[in-house]
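# Structural description and commentary
Here are the chains, one letter per residue:
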Amino acid sequence: MVKVISRPKGTNDLLPEDIWRWQKLELLIREECAKFNYQEIRTPIFEETGLFQRGLGEATDIVEKEMYTFNDKGGRSMTLRPEGTASVVRAYVENNLKGTGLPAKLYYLGPMFRYERPQAGRYRQFHQFGIECFGSSEPSLDAEVIMLAYGIYTKLGAKNVELKLNSIGCPNCRPNYLEKLKEALKENQESLCSNCRKRSLTNPLRVLDCKEKGCQATISALPRITDYLCTDCSDHYTEVKETLTLWNVDFVEDSRLVRGLDYYTKTVFEFSVENLGAQNAVGGGGRYDKLVEEIGGEPTPAVGFAMGIERTILAVGDAWQKEPDVDLYIVIIGDTKKEALLELIRARKQGLKAEMDHLNRSVKAQFKQANRLNAKYCLILGPDEIKQGKVKLKNMRDGEEIQLTLSDWLGGIK
RNA sequence: GUGGGCAUAGCUCAGUUGGUUAGAGCGCCAGGUUGUGGCCCUGGAGGUCGUGGGUUCAACUCCCACUGUUCACCCCA
């Protein structure tokens, strides 16, 4: 025997027993995007490495140690995309999408790649759905992006989804806050964990995110960004909140929410669920008014959101029920395969999901198979029936069997 | 990248102080009904006990390494 090659670490085979969940979620996503006038965009799965270095920030963990980077045969450094926004921004600039009218509202759905240690809800190849809206700095679009995501989570039937909201200011007001924060951190070094002491210098905002119990008291006493926002940012934040309230979106303000990517400005938000352990963030996003410029486009305000598909499906749990595989199963008795083949294709032309036996199984085994496929009806074709031009149609829910003519038994299906 | 747990049938798991033929439930296949599913009964197929080394007369069991998986850290979706 040849050695079986197994799939790469941190990747998954999506089998028929699970894939229906994906399809159901994708359908919901596409319907909601259509309602909000978001159009799909599909970009390459790999890009020049520089795109992500510029887009996400050199100092982020993703760029520093989690990217699948390789040289192609021409010696160019390429990277499997670790997230979707940078590519969409690139495509927006490269294809001059502002020319198609603003705001440009785009969504994407597909695999992303990060070299991480896998655990529940965290894989090396995972999938994200995301939306990006370019060309307007209006808070109503921040709210709309959040509303779209909120609507999807609500319709999923997932329990205990929480929306956290914050504003992290802009290049005008954030430096001012950072200084105050650093000062406060300096005074409280003693009471912080070793990690936070490091972060106080390298990335002070992330201290706010620390989950260490010992740090909590100190963190809650630190200055809040929302108290230091400039008028522009503060007004923007207020209007986002007002619009969400107008739309009955439940949210919790969390002045400690900062998020890990460097490109965010003003609005940031995150959706989390209870039952997912450490990987409880199922989606998040925010405004990124400086990113398009950084990628090389002209200054363009933008706001977006990304959802982790695997985590979202985990969060749904068993709240969903699988559709039956077939409406109709044709049971062959004796030498009636030819008739069965004819009726099978007739049923399918009528739009029924139909199946029949291809293993020459016993009648009993055929009914078992029908049951396994959760068939609503069985069409029974035996020599006696064919002789008289009749067939039997059995309702598998209540076991009732009725006799119909071979030519119009389809009328018996409700 | 760091630390801990786990790895036996398709799935969930038993397996005694190391002892010769590795089990159960579910699932799968067949029969119990010359042409009728779900429930029940009977039988059957299916395992190089994650991989490779070592200790031993003897290893699923003990030791080491590797791989996978899982939880936490970290990070994020």
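Before any of the text, the structure's been laid out above.
Residues numbered from 1 in each chain as written. Chains lettered and ligands numbered in written order. Predicted model: local features only at pLDDT ≥ 70, side-chain atom pairs only at ≥ 80, totals over all residues.

### Here's the deal with unusual backbone geometry
Cis rather than trans, the peptide bond between leucine 102 and proline 103 has omega equal to -5°. Within the secondary structure, proline 103 is located in the loop between helix 4 (85-94) and strand 5 (104-113). The backbone phi angle of asparagine 37 is positive, close to 60°, even though this residue is not glycine. With respect to the element layout, asparagine 37 can be found in the loop between helix 1 (16-35) and strand 1 (39-40). Accessibility expressed as a C-beta count within 10 Å gives 9 for asparagine 37, which makes it exposed. Even without being glycine, asparagine 374 reaches a positive phi, approximately 60°. (Helix = DSSP H or I, 4+ residues; strand = E, 2+ residues; numbered from the N terminus. Buried ≥ 20, exposed ≤ 12 C-beta atoms within 10 Å, placed from the backbone.)

### As for the protein's contact with RNA strand B
Lining the immediate surroundings of RNA strand B are 55 residues, of which Ala120, Gly260, Gly277, Gly308 and Gly382 lie closest. Those elements that place two or more of their residues in the surface near RNA strand B are strand 6 (125-134), strand 10 (281-287), strand 11 (302-308), helix 11 (309-316), helix 13 (363-372), helix 14 (383-388) and strand 15 (390-395). The leading source of residues in the surface near RNA strand B is helix 13, at seven residues. Looking at the surface near RNA strand B, its residues break down into 17 nonpolar, 16 polar and 22 charged. (Near = placed C-beta within 6 Å. Nonpolar A, V, L, I, M, F, W, Y, C, P; charged D, E, K, R; others polar.)

### Section: the pairing of strand 14 (residues 377-381)
Summarising burial for strand 14: five of the five residues are buried, a large majority. Residue alternation in strand 14 divides its side chains into two sets, Tyr377, Leu379 and Leu381 and Cys378 and Ile380, and both sets are buried. When strand 12 (residues 328-332) meets strand 14, the two strands line up parallel, connected through five bridges. In the strand pairing of strand 14, isoleucine 330 is matched with leucine 379. Of the strand pairs in this sheet, strand 14 and strand 15 are connected by four bridges, and their pairing is antiparallel. In the sheet register, cysteine 378 faces strand 15, and the bridge partner there is lysine 394. (Pairing = 2+ DSSP bridges.)

### Considering the packing of helix 5 (residues 139-156) against helix 9 (residues 231-246)
Relative to each other, helix 5 and helix 9 sit at 45°, their axes nearing to 8 Å. One way to sum up the angle between helix 5 and helix 9 is to call them oblique. As helix 5 runs across helix 9, the sense of the crossing is right-handed. Mapping the contact onto sequence places Pro139, Ser140, Asp142, Ala143 and Ile146 in helix 5 and His236, Glu239, Val240, Thr243 and Leu244 in helix 9. Taken together, the residues that form the contact of helix 5 with helix 9 break down as five nonpolar, three polar and two charged. (Axes fitted to C-alpha atoms, helices over the stretch in contact; angles between N-to-C directions. Parallel < 35°, antiparallel > 145°, perpendicular 65-115°, else oblique. Left-handed = near helix turned anticlockwise from the far one by under 90°. Contact = placed C-beta atoms within 7 Å.)

### Considerations on the environment of arginine 122
Looking at the secondary structure, you find arginine 122 in the loop between strand 5 and strand 6. Overall, the presence of 16 C-beta atoms within 10 Å leaves arginine 122 in the partly exposed class. Considered as a pair, arginine 122 and threonine 11 are 111 residues apart in the sequence and their alpha carbons are 9.7 Å apart. When residues no more than four places from it in sequence are discounted, the contact partners of arginine 122 are Glu116 and Gln279.

### Some details on helix 2 (residues 49-56)
For helix 2, the full list of buried residues reads Phe52, Gly55 and Leu56. Down the axis of helix 2, the sector holding all buried residues measures 75°, keeping them to one side. Against strand 2 (46-48), helix 3 (61-65), strand 4 (77-80), helix 4 and helix 10 (291-295) lie the buried residues of helix 2. Directly after helix 2, the chain includes glycine 57, whose backbone phi takes a positive value near 100°. (Arc of directions from axis to C-beta.)

### Comments concerning the pairing of strand 10
A regular strand places its side chains so that they alternate between the two faces of the sheet. The buried count for strand 10 comes to six of seven residues, which makes it a mostly enclosed element. As paired elements, strand 9 (residues 265-272) and strand 10 share six bridges and run antiparallel to each other. Bridging across to strand 10, serine 272 finds its partner in alanine 281. Pairing of strand 10 with strand 11 involves five bridges; the strand directions are antiparallel. Across the sheet, arginine 287 pairs through a bridge with valine 303, a residue of strand 11.

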